[in-house]
Amino acid sequence: MSLLLQVENLEKSYGGVHAVRGVTFSLEAGTLLALIGPNGAGKSTCFNMLNGQIKPDAGTIRIDGKDIRGLPPRAVWRLGVGRTFQITATFSSMTVRENVQVALLSFHGLITRVFGFAGTACRAEAEGLLELVGLTSQAERPCGELAYGDLKRLELAVALANQPRLLLMDEPTAGMAPKERVELMRLTAEIAREKGIGVLFTEHDMDVVFEHADAVMVLNRGQLIARGTPLEVRRDPQVRAIYLGEGLLYDARHREGSAA
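In short, a report on the structure. (Residues numbered from 1 in each chain as written. Predicted model: local features only at pLDDT ≥ 70, side-chain atom pairs only at ≥ 80, totals over all residues. Heavy atoms only, no water.)

By way of backbone hydrogen bonds, the strands of a sheet pair with one another, either parallel or antiparallel. In spatial order, the strands read S2-S1-S4-S5; together these four strands make up an open sheet with antiparallel pairing. Both outer strands of the open sheet, strand S2 (17-28) and strand S5 (66-67), are each paired with one neighbouring strand and no more. With two bridges connecting them, strand S4 (residues 58-63) and S5 associate as antiparallel partners. Looking across to S5, one finds that Ile63 is bridged to Lys66. On the sheet, helix H1 (residues 43-50) packs against strand S1 (3-14), S2 and S4 and is oriented at approximately 120° with respect to S1. (Pairing = 2+ DSSP bridges. Helix = DSSP H or I, 4+ residues; strand = E, 2+ residues; numbered from the N terminus. Contact = heavy atoms within 4.5 Å. Axes fitted to C-alpha atoms, helices over the stretch in contact; angles between N-to-C directions.)

What follows covers the nonpolar core. Formed by 48 residues in total, the largest nonpolar core has its most connected members in Leu156 and Phe201. In terms of residue count, the dominant contributor to this core is helix H7 (residues 178-195) (six residues). Taken domain by domain, this core gets at least three of its residues from each of domain 1 (1-80 + 164-248) and domain 2 (86-163). Discounting chain neighbours no more than four positions away, the residues touching Phe201 are Leu32, Leu33, Ala34, Leu35, Phe47, Met169, Pro172, Met185, Val209 and Ala213. Residues Val20, Leu33, Leu50 and Ile68 belong to the second largest nonpolar core, which totals 28 residues. (Core = buried A, V, L, I, M, F, W, Y, C linked by side-chain atoms within 4.5 Å. Buried < 20%, exposed > 50% of the residue type's maximum accessible area, 1.4 Å probe, protein only. Domains from an automatic or database assignment.)

End to end, helix H6 (residues 148-159) covers 17 Å across twelve residues, agreeing with the expected 16 Å (1.5 Å per residue, within 8%). Taken across its twelve residues, H6 has ten buried, putting it largely inside the fold. Among the residues making up H6, those that are buried are Gly149, Asp150, Leu151, Lys152, Arg153, Leu154, Glu155, Leu156, Ala157 and Ala159. Taken together, the buried residues of H6 touch strand S6 (81-84), helix H3 (96-107), helix H5 (123-132), strand S7 (166-170) and H7. (Expected span 1.5 Å × (residues − 1).)

Here we come to the side chain of Thr84. For Thr84, the position within the fold is in strand S6. With near-sequence residues (within four places) excluded, Thr84 lies in contact with Glu155, Leu156, Ala159, Leu168, Met169 and Asp170.

Counted according to the given criterion, the structure contains eleven salt bridges. Across the pair Asp64 and Arg165 runs a salt bridge, and its minimum N-O distance is 3.2 Å. Linking Asp64 in the loop between S4 and S5 with Arg165 in the loop between H6 and S7, this pair joins segments that are 101 residues apart in sequence. (Salt bridge = Lys/Arg side-chain N within 4 Å of Asp/Glu carboxyl O.)

With that settled, the discussion passes to the packing of aromatic side chains. A complete count under the given rule lists one aromatic pair for this structure. Judged by centre distance (6.0 Å) and plane angle (85°), the rings of Trp77 and Phe107 are edge-to-face. Placement of Trp77 in helix H2 (residues 73-78) and of Phe107 in helix H3 is noted, with a sequence separation of 30 residues between them. When the ring centre of Phe210 is taken as origin, the NZ or CZ atom of Arg234, which lies over that ring, is 5.1 Å away. (Phe/Tyr/Trp six-rings, centres within 6.5 Å; stacked < 30°, edge-to-face > 60°. Lys NZ or Arg CZ within 6 Å of the ring centre and 35° of its normal.)

Before going further, it helps to spend a moment on the packing of H6 against H7. In a pair of packed helices, the angle between the axes and the distance between the axes together describe the arrangement. As a packed pair, H6 and H7 sit with axes 10 Å apart at the nearest point and diverge in direction by 15°. Taken together, the axis directions place H6 and H7 in an arrangement best described as roughly parallel. Once H6 is placed against H7, the crossing between them reads as right-handed. Counted together, Gly149, Lys152, Arg153 and Leu156 of H6 and Glu180, Glu183, Leu184, Leu187, Thr188 and Ile191 of H7 form the full contact between these two elements. Tallied by class, residues from the contact of H6 with H7 come to four nonpolar, two polar and four charged. (Parallel < 35°, antiparallel > 145°, perpendicular 65-115°, else oblique. Left-handed = near helix turned anticlockwise from the far one by under 90°. Nonpolar A, V, L, I, M, F, W, Y, C, P; charged D, E, K, R; others polar.)

Further remarks concern the side chain of Thr60. Residue position: Thr60 is located in strand S4. The class for Thr60 is buried, based on a relative accessible area of 18%. Here the side chain of Thr60 touches Arg62 through a polar contact of 3.4 Å, side chain to side chain. Setting aside chain neighbours within four positions, we find Thr60 in contact with Gln6, Val7, Glu8, Asp67 and Arg69. (Polar contact = N/O pair within 3.5 Å; in protein donor to acceptor, adjacent residues only side chain to side chain.)

Another aspect to go through is H3. Over its twelve residues, H3 runs 17 Å from end to end, which matches the ideal 16 Å to within 8%, given 1.5 Å per residue. Buried within H3 are the following residues: Val96, Arg97, Asn99, Val100, Gln101, Val102, Ala103, Leu104, Leu105, Ser106 and Phe107. Gly109 lies just past H3 and shows a positive phi near 75°.

Now the structure itself:
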C-alpha cells in the first residue's frame, strides 16, 4: 500500500486557545483510519484544515507528496479529496440520480450547463455510482422521500463523484440505526479497499470504530495522545482514562473471552 496522506506538525489556534497542536500522522491508500476523542478535542478543526475550509497556522498537509496547505476547498476537492458531513445535505426535490449527476457535472466542469441537459449528462456514470452504493432501485425517487440510511448512502455516492483518493467522513453513521451503521461502514471499507481510497473518519460509536478501522488515533485538547490498532488503543491506559472509560474495556474483554 502506498502512502497517500502525510500530515506534519499541524497547528491551529484561536486567540489563546490551541485547537490543534503539533498533530502528525499518515494514511495509506486503501485503509480506514479513525480519529476519535472527546467533544472539543479538535477533530472538526483538523478535518476542516485537511479539506481547505480552515487555513492552518503551521505545518504541512501532503496528498501524494503535494503540499495542499492553504489551498481553497474547491482546489483540494479537485485534487481528489471527498468529504461527507455529519448532517446530510441533498437537493430534496431532485431525484437520487440527479443529485449524483449534479456532483458529476461539477467535477467534469459542466455545472454551468446543468439546466440544459442534466437529464442525460453523466447519467451512466451516476447510475454506476448508485449501483456501487446499493441505490439503483431508488434512482428515480425524490430525495425528500428517502429513509435516513439511504440518504447516507447517497451522500457517499456524491462524495465519490470526484474520484477521490482521500475520503474524509465526519461522523458518517450519526443518527443511523445500529444495523444501518454496520452496513454503511462495511460498504465504505469494501469500496475503499477495492479502489485504493484512504478513509479518515470521526465517529462516536466505538463499536463502529473498533470493528471497521484499520488504525485509530485519539485526539485530546488538540493533541494526539495515542495511535495504533483498535485493540492497542482500546487497551491504552491514558485513552481509557480520558475517553473510553473502564466500561468499554470490560466489554471488550468480555467479547474477547467469549470469542476464545
